[in-house]
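Listed here are the chains, written in short residue letters.
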Amino acid sequence: MEKRKYYIWGTGKIAKQMNREYGYILGRLEIKGYIDNNKILWGKEFEGKKIYSPNVLREEKEAYLIIANVYKDEIIQQIQNDMLYDLGRIEENFLQKLQIMDRYRNSAEIEQRNIVGYLGNHSLQVFNYSFTDKYSDMKCEIEFDSERGLFYALHNGKRMYFARYFNTMETAGQYYRWLCMEQDMESPHRYVSDNGTLGDDLTILDAGAAEGNFSLSLIERAKKVYLFESDKDWVEALRYTFEPYRDKVVIIQKNLSNYENVVTTTIDKELVGEIIDILKMDVEGEEIYALKGGIKTIENSPDIRCYVCSYHQEFAYDVIKTFFEQRKFEVESSSGYMWFPENPSSPRTSILRKGIVRASSIVVHKK
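Residues numbered from 1 in each chain as written. Predicted model: local features only at pLDDT ≥ 70, side-chain atom pairs only at ≥ 80, totals over all residues. Heavy atoms only, no water.

Asker: Whenever I open this one, the packing of aromatic side chains confuses me. Can you help?
Answerer: The relative placement of two aromatic rings is captured by the distance of their centres and the angle of their planes. The final tally for this structure, using the stated rule, is 22 aromatic pairs. With a centroid separation of 5.4 Å and an interplanar angle of 50°, the aromatic rings of Tyr165 and Phe166 are classed as tilted. Taking relative accessible area as the criterion, Tyr165 reaches 39% and is therefore assigned partly exposed. Aromatic pair Tyr175 and Trp234: ring centres 5.6 Å apart, planes at 35°, arrangement tilted. (Phe/Tyr/Trp six-rings, centres within 6.5 Å; stacked < 30°, edge-to-face > 60°. Buried < 20%, exposed > 50% of the residue type's maximum accessible area, 1.4 Å probe, protein only.)

Here it is as structure tokens:
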């Protein structure tokens, strides 16, 4: 793979700070020069590199661009209006990429050092692995249901509807490609390493169902499915997706936590006396509280497998792992690491996070 060439747009405070804090990392990248709108600076040097006119992007169409300037939106608009330059080559999250490379360059974990190596020639994304390449040109079977006014994908031969705000074939296709990439065998976000080991006649609790791809993939092996989803647009889509299986699917339009109000409920309240075989949970950072709101159900389910997202918060993995270990579950994580975008205003540097905690009580109860 040819090494990426970069130009950095900006010679002010942000660019100076970037060089001061991460100059030794920038030194390992092929920085061709800096770009500035100020004509007086053209031809001079900044941080040992030549300063160019924006017109250099007309010639260097294969180069990647880093915007180190507070007027980022205006610069993107300028590029869009004045140059035939692929906006996809503007590397987003570059500062966070430098933070990741700085934090993990000497990590004791080879997985983390491999990500640093990967980032030397790739943009920072949620999944920083080569398996993602095969999804960039993935063909999607997306159709439009004119009667219902919704797009759907043929997911393993079954209609999986998308929320109404995915209102073009392109946006629906992009979302579906993301789902497939997220559940790739090599993905840190893959819930179950091998669906074939789960058995049949399953009672499934799908917390944060969204489009329902997890439960849909197991629907023919399920005897009962509880779908928790608070987004009304996704609830509409779920009703259509699971209409052929409505005799065994219950959709509950509420948030999950460890307390109750008009829009929030708990697992223990909704599933009184139910024994669960599979628990999948992706509730946007509320996972540990939702687990605490389901302690009775979890502890009363002797052969339960749990797949819980742990990447929404920095210390969530350790807390969720401890929750299950305290109950003598066998615990492991999904392979690899994810990068979860931070709040842009946060002063904390970026970190890599484990995607899924997999916990099973089956081994414990069979010993």
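Asker: Any chance you could explain helix 4 (residues 94-104) here in plain terms?
Answerer: Since there are 3.6 residues in each turn of an α-helix, residues three or four apart along the chain are aligned in direction. Inspection of helix 4 places Phe94, Lys97, Leu98, Gln99, Ile100, Met101 and Tyr104 among the buried residues, and these make up the whole buried set. Looking at the packing, one finds that the buried side of helix 4 touches strand 1 (5-9), helix 1 (13-26), strand 5 (64-67), helix 5 (110-119), strand 17 (338-339) and strand 18 (352-353). (Helix = DSSP H or I, 4+ residues; strand = E, 2+ residues; numbered from the N terminus. Contact = heavy atoms within 4.5 Å.)

Asker: Just checking my understanding: could you explain a nonpolar patch on the surface for this structure?
Answerer: Taken together, the side chains of Ile14, Val70 and Tyr71 make up a nonpolar region of the molecular surface, amounting to roughly 310 Å² of accessible area. A residue is classified by how much of its surface remains accessible, and Tyr71, at 52% relative accessible area, is exposed. (Patch = residues over 30% accessible without salt bridge, like charges linked within 9 Å, V, L, I, M, F, W, Y side chains within 5 Å. Areas by Shrake-Rupley, 256 points an atom, 1.4 Å probe, with all protein chains shown as cover. Salt bridge = Lys/Arg side-chain N within 4 Å of Asp/Glu carboxyl O.)

Asker: Is there a simple way to explain the pairing of strand 2 (residues 30-35) in this structure?
Answerer: Strand direction decides the pairing type here: strand 1 and strand 2, joined by five bridges, are parallel. Paired with Ile8 across the strands is Tyr34, a residue of strand 2. Read as a crossover between parallel neighbours, the route from strand 1 over helix 1 to strand 2 is right-handed. (Pairing = 2+ DSSP bridges. Right-handed = clockwise from strand over helix to strand, strands pointing away.)

Asker: Just checking my understanding: could you explain the environment of Tyr34 for this structure?
Answerer: Tracing the sequence through the fold places Tyr34 in strand 2. What makes Tyr34 buried here is its relative accessible area of 2%. Tyr34 sits 130 residues away from Arg164 along the chain, and the two C-alpha atoms are 43 Å apart. Among all residues touching Tyr34, those that are not within four sequence positions of it are Ile8, Gly10, Thr11, Asn19, Phe46, Glu47, Lys49, Lys50, Ile51 and Tyr52.

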